[in-house]
Amino acid sequence: MLRVDGLSAWYGDAQALREVSIRVDEGEIVTLIGRNGAGKTTLLRCLMGLHDTYGRTAGTVSLSGEEITGLAPHRRARSGLGFVPDDRGVYATLSVEENLMLPPMHKAGGTGGPEPWSLERVYETFPKLRERRRFPGTKLSGGEQQMLALARVLRTGARLLLCDEPTEGLSPLIVQQIGDILREVKAAGVTVLLIEQNVHFAATVADRHYLLAEGRVVESLDNDQVREREHELLGYLGI
């Protein structure tokens, strides 16, 4: 589904990513773990084509075998990439339903990919959003905002979600709900690349994990390795 080869990125003269190469297979959930400042968010911004606002990049990005390196962000979105930023990007003055109806729906990549989620399907999966559908974004809790951000991207028909720390600052109960939603998203045929500091949570939802340090991929780990080394990884991450 996603292949990244030799991706480097700079902010001015400061290099944030150093020849990062990763792959995410169709139907997988893969996490990026690493300390703050390791380059995780920069990597997602590069994949979405947003880093050009901040600096320059090198390397290639391919989606389902087609190189998208030179595409603008809106064209990458139409190709099937969906970005859920760490600030959730909820429009505060719009209602929940207006936020959901805002992005266009499209069938990314033609036939064979996941269908755009209907409003009714969103409300079935996220019943809290149905209850809050007339509420403005400013009246939602952090967990509700995260659900809205995920649901809005699923409405577009994205086949690969790029999620930046969806559980940050949320209660354990809401974290569990986010995990259930990610598993349902995977079952629906959507692939996920996830930034996550909570390695215990990551091991419950993901298939594989990449460890980033100082802008490089230093290890690729499976779930058994994450569980065996959880204490070591938590110490490494400073948690």
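Residues numbered from 1 in each chain as written. Predicted model: local features only at pLDDT ≥ 70, side-chain atom pairs only at ≥ 80, totals over all residues. Heavy atoms only, no water.

## Topic: the pairing of strand β10 (residues 216-222)
Part 1: Summarising the sheet, strand β9 (residues 208-213) and β10 pair through six bridges and their orientation is antiparallel. Within the sheet, the bridge partner assigned to Tyr-210 lies in β10 and is Ser-220.
Part 2: Counting the residues between successive antiparallel strands, the hairpin from β9 to β10 contains two residues, one of them, Glu-214, with a positive phi of roughly 50°. (Pairing = 2+ DSSP bridges. Helix = DSSP H or I, 4+ residues; strand = E, 2+ residues; numbered from the N terminus.)

## Let's talk about the pairing of strand β8 (residues 191-195)
Part 1: In terms of residue burial, β8 counts as a mostly covered element, since five of its five residues are buried.
Part 2: By the alternation rule, side chains of β8 split into Thr-191, Leu-193 and Ile-195 and Val-192 and Leu-194, which are all buried.
Part 3: Examined bridge by bridge, strand β3 (residues 29-33) and β8 share four bridges and lie parallel to one another. What sits directly across from Val-30, in β8, is Leu-193.
Part 4: Bridge count for strand β7 (residues 160-164) against β8 is five bridges, and the pairing is parallel. Each bridged residue has a counterpart across the sheet, and for Leu-162 the counterpart in β8 is Leu-193.
Part 5: The parallel pair β7 and β8, bridged by helix α7 (residues 172-187), forms a crossover whose chirality is right-handed. (Buried < 20%, exposed > 50% of the residue type's maximum accessible area, 1.4 Å probe, protein only. Right-handed = clockwise from strand over helix to strand, strands pointing away.)

## Concerning the sheet that holds strand β2 (residues 14-24)
Part 1: The antiparallel open sheet is built from four strands, whose spatial order is β2-β1-β4-β5. Each having just a single partner strand, β2 and β5 (66-67) make up the two edges of the open sheet.
Part 2: Direction of pairing for strand β1 (residues 2-11) relative to β2: antiparallel, over a ladder of seven bridges. Bridging from a neighbouring strand, Ala-9 pairs with Leu-17 of β2.
Part 3: On the sheet, helix α1 (residues 40-48) packs against β1, β2 and β4 (57-63) and is oriented at approximately 110° with respect to β1. (Contact = heavy atoms within 4.5 Å. Axes fitted to C-alpha atoms, helices over the stretch in contact; angles between N-to-C directions.)

## Things to note about the pattern of salt bridges
Part 1: For the structure shown, the criterion picks out 13 salt bridges.
Part 2: Between Asp-5 and Arg-3 there is a salt bridge, and its shortest N-O distance comes to 3.0 Å.
Part 3: With a relative accessible area of 52%, Arg-3 lands in the exposed category. (Salt bridge = Lys/Arg side-chain N within 4 Å of Asp/Glu carboxyl O.)

## Things to note about the nonpolar core
Part 1: In terms of nonpolar packing, the biggest core is built from 33 residues, with Val-122, Phe-126, Leu-129, Leu-150, Leu-161, Val-185 and Val-192 touching the most fellow members.
Part 2: Residue assignment for this core shows that the elements contributing at least two residues are α3 (96-101), α4 (119-125), α6 (142-155), β7, α7, β8 and α8 (199-205).
Part 3: Looking at this core, the element that brings in the most residues is α6, giving seven residues.
Part 4: Formed by 28 residues, the second largest nonpolar core is a distinct cluster that contains Met-1, Val-30, Leu-44 and Phe-83. (Core = buried A, V, L, I, M, F, W, Y, C linked by side-chain atoms within 4.5 Å.)

## Concerning the sheet that holds β8
Part 1: Taken together, six strands build an open sheet; the order of strands is β6-β7-β8-β3-β9-β10 and the sheet is mixed. Each having just a single partner strand, β6 (81-84) and β10 make up the two edges of the open sheet. Averaged over all pairs of adjacent strands, the angle between strand axes in this sheet comes to 20°, irrespective of strand direction.
Part 2: Strand direction decides the pairing type here: β6 and β7, joined by four bridges, are parallel. Across the sheet, the residue bridging to Leu-81 is Leu-160, located in β7.
Part 3: Those strands touched by α1 are β3, β6, β7, β8 and β9, and its axis lies near 150° from that of β7.

## A closer look at the packing of aromatic side chains
Part 1: Taken as a whole and assessed by the stated rule, the structure comprises one aromatic pair.
Part 2: A cation sits over an aromatic face here: Arg-56 above Trp-10, 4.0 Å from the ring centre.
Part 3: Taking the ring centre of Phe-135 as reference, the NZ or CZ of Arg-132 above it sits at 5.3 Å. (Phe/Tyr/Trp six-rings, centres within 6.5 Å; stacked < 30°, edge-to-face > 60°. Lys NZ or Arg CZ within 6 Å of the ring centre and 35° of its normal.)

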